[in-house]
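# Per-entry structural report
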Amino acid sequence: MFFDISSLPWTRMRTALILAPIFNALPLNAETVSYNLYGEPGLIDMPTAQSAPDAELAGTTSYFAGSTRNVLTFQLTSRLSGSFRYSKVERFLGGNRPTFDRSFDLRYRFIDEGPYRPAVAVGLRDFVGTGIYSGEYVVATKHLTPRLAFTGGIGWGRLGSYNGFENPLGRVDERFNDRGSGYTGRGGQIEASRWFRGEAALFAGVSWAATNRLTLKAEYSSDEYNLESTRLSLFERKSPFNFALDYQVRDGVQAQAYYMYGSELGASISLVLNPKKPSVNGTAAPAPLPIRVREPAEVLDHSWTTQPDSVKTLRTKVAEMLAAENLALEAMGISGRTVTLHLRNNRTLIAPEAIGRTARILSQVMPASVERFTIIPVVGGLPASAIVMNRSDLERLEHEPDNAWKSYARTEIVDAADSDPGVYPEKLYPKFRWNLGPYVSPSYFDPDSPVRADVGIELNAFYDLTPGLTLSGTLHHRLAGNVADSFRTSNSRIQPVRTDAVLYAREGDTTLQHMTVNYRFRPGTNLYGRVTAGYLEEMYGGLSGEILWKPVDSRLGLGAEVNYVKQRDYDQLLGFRDYQTATGHVSAYYNFGNGFHGQLDVGRYLAKDWGGTISLAREFSNGWKIGAFATFTDVSAEDFGEGSFDKGLTFTIPVSHFLGQPSPTTTGTTIRSITRDGGARLNVRDRLYNDVRKYHAPELRDNWGRFWR
């Protein structure tokens with residue numbers, strides 16, 4: 001089996017933060033839960049009905065009797081959590097080599113704990129995988145004291161394999177009595193017809209927090225471990241009882257030691273963080289300027305309009321003060337009562353913070369007669385929206401309680417397609433920018449070598465010709481690494497469009513990652529456009545066009561993208577291979593509120609297969625984004641190969657979370673269960689929706705609390 005942790009198996013990743021160093025401080029408090037051998041809130045092998053704090057992200061590595069499990073668990077909501085597990089099982093099915101298995105879990109707490117009732121949760125283990133760990137459960141947990149908790153539950157599948165009894169659900173429908181085969185081999189199948197079927201068994205346990213850091217646990221397990229103990233002889237299961245010491249080493253780090261099944265020792269460590277809570281307390285950023293409050297007599301003074309070069313002087317002063325905040329003046333127009341400022345936000349991911357600081361600067365610099373501020377955020381040359389506010393409202397509300405929401409209610413957010421760009425500062429266009437730094441391109445969980453990586457130097461260059469028109473390119477020079485040593489070449493039944501990625505890694509030490517000309521424009525009200533040509537990504541070059549309909553006050557966006565591409569040579573320089581195709585999608589985007597965003601893409605993929613991708617992500621006001629996706633096309637599960645269909649998790653991590661100061665920079669990755677050729681989409685830079693929508697009303701409303709910061 002093969003596991004890949006990037007949207008392309010060997011694609012550049014800015015950092016390997018996602019699996020370890022990002023996990024940091026969580027305070028020691030009553031909300032803290034411990035994670036079991038399966039990486040879920042639980043006892044030892046058995047689950048509990050407890051949930052982690054909302055949005056908690058935990059990475060757990062555990063070892064016991066020849067099985068290593070690496071798990072990412074995310075508390076999607078206060079009640080629902082999901083886990084992705086990558087496991088290694090020695091001598092699987094009697095072979096000489098270990099098996100590497102991927103599986104997904106879901107659990108939902110449907111009853112909260114009360115004074116007299118327990119918390120109750122239902123869970124699915126390995127519901128999209130090979131079925132090695134497949135099992136379902138209903139579990140209840142009750143605290144008798146704040147430190148002492150009892151758990152009891154009923155399990156099916158693996159959790160119903162020891163001291164099992166007739167399925168009580170069989171009294172409702174006799175089909176529940178027959179579970180069918182366990183191990184499915186290829187994986188990727190959602191076999192709902194097997195859930196809660198076959199024999200059931202009971203499990204139970206107790207945990208006692210002896211101190212604020214040390215917890216003692218004991219459990220009675222309903223997992224017979226038939227595969228590992230009987231068929232593989234990895235250990236001898238002598239007893240159903242397990243015991244553990246759980247120690248919180250420091251905030252965000254939990255370690256556990258186990259005595260398992262009367263014969264084995266085990267251990268695990270969990271690294272925990274919460275995207276809602278910064279790892280660095282406070283911020284190194286200076287406080288914003290105050291709003292300058294005008295005297296009544298000043299408002300009537302228009303004498304500045306007759307002074308020579310007054311507008312130029314004001315524009316220069318605003319540009320200087322914006323630059324001090326790491327913001328940039330794109331263009332500005334001034335009249336007797338109004339100012340319109342086109343803003344480039346180089347400061348922060350939090351759009352209202354950039355808008356608020358810009359409004360404060362305008363209050364300091366603009367003559368007293370200027371009452372109306374229009375701030376137009378510009379993204380890649382596109383005016384994304386127009387935020388219009390009255391200066392007198394800012395003066396009145398700065399120190400009022402609940403001033404953020406009162407100011408939002410008095411602010412207009414409208415389309416900026418027809419806005420006058422005003423006057424651009426001298427030397428703004430054309431402008432050349434570049435940066436040079438290290439890169440790391442890792443690949444994880446290749447069975448022949450669990451961790452591979454290339455390291456080298458990366459050169460990025462940008463030449464902004466006019467607003468919206470940019471030439472850009474990226475060069476890599478590899479200094480060291482072993483990614484190219486992999487023997488995992490394509491065995492695809494369909495056109496290899498991604499599975500030959502190892503061949504790209506083998507050719508040449510210096511590669512052209514991309515080189516394009518990109519033009520963004522506004523074709524009309526609520527419309528945004530993009531045309532990109534050149535070497536679009538590591539594997540493909542050609543022409544890409546996109547159109548997006550997105551009203552500034554709507555949660556809904558609709559888009560269409562068409563691409564004609566040709567496969568690049570393996571050396572990733574200037575040549576091309578023979579394979580070429582037209583690909584594209586129509587897309588629907590929707591902001592569900594509370595940070596949840598959905599996306600549906602339907603169209604033709606790189607291997608000429610037709611289908612759709614559904615994505616759901618949870619976003620946080622500080623820039624964190626954690627999501628999942630699944631793609632289904634007309635490629636059959638047999639032709640797709642191991643995994644049956646394309647699916648994975650996405651992570652976007654703001655650098656500011658760890659620096660304690662504003663930054664617009666993010667890093668991220670995609671964890672795919674396996675990279676195959678079905679459902680593969682082109683990786684084009686600068687797609688429109690995510691850049692545009694953060695300056696639209698729904699997203700601005702969600703984050704407007706940062707307007708005064």
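### Things to note about the overall build of the protein chain
Counting its regular elements, the protein chain contains 10 helices and 33 strands. Radius of gyration (C-alpha) of the protein chain: 28 Å, near the 27 Å computed for a compact globule of 709 residues. Structurally, the protein chain occupies a C-alpha span of about 95 × 65 × 50 Å along its principal axes. Across the 709 residues that make up the protein chain, the buried fraction comes to 53%. Long-range contacts, defined as pairs at least 24 residues apart, comprise 61% of the intrachain contacts of the protein chain with a sequence gap of at least 6. With an accessible surface of roughly 29200 Å², the protein chain has 57% of that area assigned to carbon and sulfur atoms. Charge centroids of the protein chain, computed over 77 positive and 76 negative side chains, lie 2 Å from each other.

### Some words on the sheet that holds strand E10 (residues 200–209)
An order of E1-E2-E3-E4-E5-E7-E8-E10-E11-E12-E13-E14 is seen for the 12 strands of this closed barrel, with the pairing classed as antiparallel. The sheet shows a mean angle of 20° between the axes of neighbouring strands, taken without regard to direction. Sheet topology places strand E12 (residues 241–250) next to strand E13 (residues 253–260); 7 bridges connect them, and they run antiparallel. By the bridge assignment for E13, Ala244 is matched with Tyr258.

### Notes on unusual backbone geometry
With glycine set apart, most residues show a phi of negative sign, and most peptide bonds adopt trans. Omega for the peptide link from Tyr429 to Pro430 comes to -10°, which places this bond in the cis form. Of note, Asn163 is a non-glycine position whose phi angle comes to about 55°, a positive value. Along the chain, Asn163 turns up in the loop between strand E8 (148–157) and strand E9 (189–190). In this structure, Asn526 is a non-glycine residue whose phi angle is positive, near 70°.

### Section: the pairing of E12
Relative to E12, strand E11 (residues 214–220) is paired through 7 bridges, and the arrangement is antiparallel. Bridge pairing links Lys217 to Ala244 in E12.

### Focus: the confidence of the model for the protein chain
Predicted confidence across the protein chain gives a mean pLDDT of 89, with 92% of residues reaching 70 or more. For residues 1–30, every residue scores under 50 in pLDDT, and the model assigns this stretch 127 contacts once sequence neighbours within four places are set aside.

### Digging into the environment of Tyr35
Among the structural elements, Tyr35 can be located in the segment before strand E1 (57–64). You can call Tyr35 buried: its relative accessible area is 1%. Sequence spacing of Tyr35 and Gly59 is 24 residues, and the spatial spacing of their C-alpha atoms is 9.3 Å.

### Quick word on a nonpolar patch on the surface
On the surface, a cluster of nonpolar side chains totalling about 1000 Å² of accessible area is made up of Phe432, Trp434, Leu436, Val440, Val455, Ile457, Leu459, Tyr463, Leu471, Leu475, Leu479 and Val517. Counting residues per element, the ones that place at least two in the nonpolar patch are strand E21 (431–446), strand E22 (449–466) and strand E23 (469–481). Positionally, Val455 belongs in strand E22.

### Describing the packing of aromatic side chains
Counting across every chain of the model gives 23 aromatic pairs. On the numbers, 5.9 Å between centres and 35° between planes, the contact of Phe64 with Tyr261 is tilted. With a gap of 197 residues between them, Phe64 in strand E1 and Tyr261 in the loop between E13 and strand E14 (264–273) connect regions that are remote in the sequence. Comparing Phe64 with Tyr261, the two get one shared label, buried. Through pairs of rings, three or more aromatic residues link up here, namely Phe64, Tyr225, Phe235 and Tyr261. Across from the ring centre of Tyr225, 4.7 Å away, lies the NZ or CZ of Arg158, which sits over that ring. The ring of Phe176 carries the charged tip of Arg197 above its face, separated from the ring centre by 5.0 Å.

Analysis parameters
- Residues numbered from 1 in each chain as written.
- Predicted model: local features only at pLDDT ≥ 70, side-chain atom pairs only at ≥ 80, totals over all residues.
- Heavy atoms only, no water.
- Helix = DSSP H or I, 4+ residues; strand = E, 2+ residues; numbered from the N terminus.
- Rg over C-alpha atoms; globule rule 2.2 N^0.38 Å.
- Buried < 20%, exposed > 50% of the residue type's maximum accessible area, 1.4 Å probe, protein only.
- Contact = heavy atoms within 4.5 Å.
- Areas by Shrake-Rupley, 256 points an atom, 1.4 Å probe, with all protein chains shown as cover.
- Lys, Arg positive; Asp, Glu negative; His and termini not counted.
- Charge placed at Lys NZ, Arg CZ, Asp CG, Glu CD.
- Pairing = 2+ DSSP bridges.
- Axes fitted to C-alpha atoms, helices over the stretch in contact; angles between N-to-C directions.
- pLDDT = per-residue confidence, 0-100.
- Patch = residues over 30% accessible without salt bridge, like charges linked within 9 Å, V, L, I, M, F, W, Y side chains within 5 Å.
- Salt bridge = Lys/Arg side-chain N within 4 Å of Asp/Glu carboxyl O.
- Phe/Tyr/Trp six-rings, centres within 6.5 Å; stacked < 30°, edge-to-face > 60°.
- Lys NZ or Arg CZ within 6 Å of the ring centre and 35° of its normal.

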